[in-house]
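# Understanding the architecture of this molecule
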Amino acid sequence: MSQWLAVLDFPSQRFALRKSTRAPRVFDADKAWLELERSYWGEVSDRAVIRGRLQYVSGDAAGARATVLAGLAARPKDAELTTLLSWIQRNDQEWEGSIATLAAASPQELAEEREWVAYIDSLILTGQAARAEREASAAVAAGPKEGDTLDDLLVALSDALLATGKSTQGRAAVDEAASATAGGSAHLMRKARAAALDGDRLGALAALRELWTVYPLNGMPMWLYATTAQPGEMEALRVGMPQALERLHPGDEPWDFVGATWLALGEEQKGREALAKGYARDCAPMPEGPDRANCDAWYWALGKERLDEAKARVEQAIAERTWASAYHDTAATVAWASGRMDDARREALLAARLSPGDPYLLWQLDRVGATIPSP
């Protein structure tokens, strides 16, 4: 829409799109929403969840924390405010403080807030895997025997078991989680990672193939397949990826991962063409800022080109939003492409700590061979 002017004629019930004749404006939606929030509601504590998050992403970290703490003073047992405070602490890299905040709530409450997996993974990522396994096991034993909450409890248990080297049990736990509610194609990314850690490469490839078949909009499993498979196992990807992409609407293709996958398959021209399409669609129209800088670095890293510029660009993005896990993942990918493995491990660990519970970021940790430091 940045290239178009939308005209809405309400009395006549007509709508038109006209080509815009001016440069796209830079619009900060978070700040605009925060201004509207304040003008409409004033200063009231029961708006702390919405306002605190808006303050944080708008750059007012101290104000966000004060807002949330004031809300918790009025409602100490509010699980939503508790998880928001933990999110702020995590973004400020107060790992132990974030864990302690979540530990004050019950597993049931955290599961209902979709934060239990993040809590268990936070323990794992701070070198407390044994504690994570104990708490995750106890939560499953004491929790419900069906439903979404059981699903979350089992996923967390799977991550904890995998972290303590019990890959077969961890694989069984994620399979049980998938059958607890949705079944079918649920948790395919986690199933693939669990299979890989259990030494079953073919099982991991089968789960990744099913994931890109079911959900081709997500190109990530194509790329992970290409980085996991051995040369003789690439044909399924070479044939299956174009078939999956044909089911998408034009313009919905995940060109970044598609391009990286073609390059991994040795298809240089196809890979460069896909990355060029993606860059033209995803990055070129964006105004200058941290998102644009991260987008530039991401595409260049996947194409293993302009890597010095990519490093500078992602560092620029991180300087403005140190809490953005996606930026740190980009930094890890840039470092990996440049052969700076210590930097890749550091950035991958930071990305995972900022967004614990994301199976892709856990996979990235495995890929770069990161070691979790002891507390």
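Residues numbered from 1 in each chain as written. Predicted model: local features only at pLDDT ≥ 70, side-chain atom pairs only at ≥ 80, totals over all residues. Heavy atoms only, no water.

On to the nonpolar core. In a soluble, globular protein the nonpolar side chains are often hidden away together inside. Ranked by internal contacts, the top residues of the largest apolar core, which has 50 residues, are Met 222, Tyr 225, Leu 237 and Val 258. In contact with Leu 237, not counting residues within four places along its chain, are Trp 212, Met 222, Tyr 225, Ala 226, Pro 242, Thr 261 and Leu 265. Within the second largest apolar cluster, 25 residues are counted, among which are Ala 105, Leu 123, Leu 150 and Val 155. (Core = buried A, V, L, I, M, F, W, Y, C linked by side-chain atoms within 4.5 Å. Buried < 20%, exposed > 50% of the residue type's maximum accessible area, 1.4 Å probe, protein only. Contact = heavy atoms within 4.5 Å.)

So, about the pairing of strand 2 (residues 14-19). Counting buried residues along strand 2, only zero of its six residues qualify, which leaves the element largely exposed. Where strand 1 (residues 4-9) and strand 2 come together, six bridges link them in antiparallel fashion. Directly across from Leu 8, in strand 2, lies its bridge partner Phe 15. Here strand 1 folds back onto strand 2 in antiparallel fashion, the turn holding four residues, of which Gln 13 has a positive phi close to 55°. (Helix = DSSP H or I, 4+ residues; strand = E, 2+ residues; numbered from the N terminus. Pairing = 2+ DSSP bridges.)

Helix length check: helix 18 (residues 307-320), at 14 residues, gives a terminal C-alpha distance of 20 Å against a target of 20 Å (1.5 Å per residue), a fit within 8%. Among the residues of helix 18, those classed as buried are Leu 307, Ala 310, Arg 313, Val 314, Ala 317 and Ile 318. Seen from one end, helix 18 has its buried residues packed into an arc of 135°, which puts them on one side. The outward face of helix 18, more than 90 degrees from its buried face, is lined by the exposed residues Asp 308 and Ala 319. On its buried side, helix 18 packs onto helix 17 (290-302), helix 19 (325-338) and helix 20 (341-354). (Expected span 1.5 Å × (residues − 1). Arc of directions from axis to C-beta.)

Here the focus is the packing of helix 9 (residues 148-163) against helix 10 (residues 167-180). For any two helices packed against each other, the geometry is given by the interaxial angle and the distance between the axes. Where helix 9 contacts helix 10, the two axes come as close as 8 Å, and the packing angle between them is 165°. With respect to helix 10, the element helix 9 is oriented roughly antiparallel. As for how helix 9 packs across helix 10, the hand of that crossing is left-handed. Across the interface between the two elements, Leu 150, Asp 151, Leu 154, Val 155, Ser 158, Leu 161 and Leu 162 of helix 9 pack against Ser 167, Gln 169, Gly 170, Arg 171, Ala 173, Val 174, Glu 176, Ala 177, Ala 178 and Ala 180 of helix 10. (Axes fitted to C-alpha atoms, helices over the stretch in contact; angles between N-to-C directions. Parallel < 35°, antiparallel > 145°, perpendicular 65-115°, else oblique. Left-handed = near helix turned anticlockwise from the far one by under 90°.)

Together, Met 1, Trp 4, Leu 8, Phe 10, Phe 15 and Leu 17 make up a nonpolar patch on the protein surface, roughly 730 Å² of accessible area in all. Breaking the nonpolar patch down by element, the ones donating at least two residues are strand 1 and strand 2. Relative to the assigned elements, Phe 10 resides in the loop between strand 1 and strand 2. Given the relative accessible area of 64%, Phe 10 is considered exposed. (Patch = residues over 30% accessible without salt bridge, like charges linked within 9 Å, V, L, I, M, F, W, Y side chains within 5 Å. Areas by Shrake-Rupley, 256 points an atom, 1.4 Å probe, with all protein chains shown as cover. Salt bridge = Lys/Arg side-chain N within 4 Å of Asp/Glu carboxyl O.)

Turning to the side chain of Arg 47, a few remarks are in order. Mapped onto the secondary structure, Arg 47 falls in the loop between helix 1 (29-41) and helix 2 (48-57). Classification of Arg 47 as buried rests on a relative accessible area of 19%. Here Arg 47 is in contact with Glu 37 and Trp 41, once residues within four sequence places are set aside.

Over its 15 residues, helix 16 (residues 268-282) extends 21 Å from the first C-alpha to the last, a length consistent with the 21 Å expected when each residue adds 1.5 Å. Taken together, the buried residues of helix 16 touch helix 15 (255-264) and helix 17.

A few words now on the pattern of salt bridges. Charged atoms that come close allow side chains of opposite charge to pair. By the definition in use, this model includes 28 salt bridges. Arg 306 serves as the salt-bridge partner of Glu 309, at 3.0 Å between the closest nitrogen and oxygen. The exposure class assigned to Arg 306 is partly exposed, which follows from its relative accessible area of 46%. For Asp 343, the salt bridge goes to Arg 346, with nearest N and O atoms at 2.8 Å. Here the residue Asp 343 and the residue Arg 346 both occupy positions in helix 20, the gap between them amounting to three residues, near one helical turn. The exposure class assigned to Arg 346 is partly exposed, which follows from its relative accessible area of 48%. Taken together, the shared-partner salt bridges connect Glu 288, Arg 292, Asp 296 and Arg 313 into one network.

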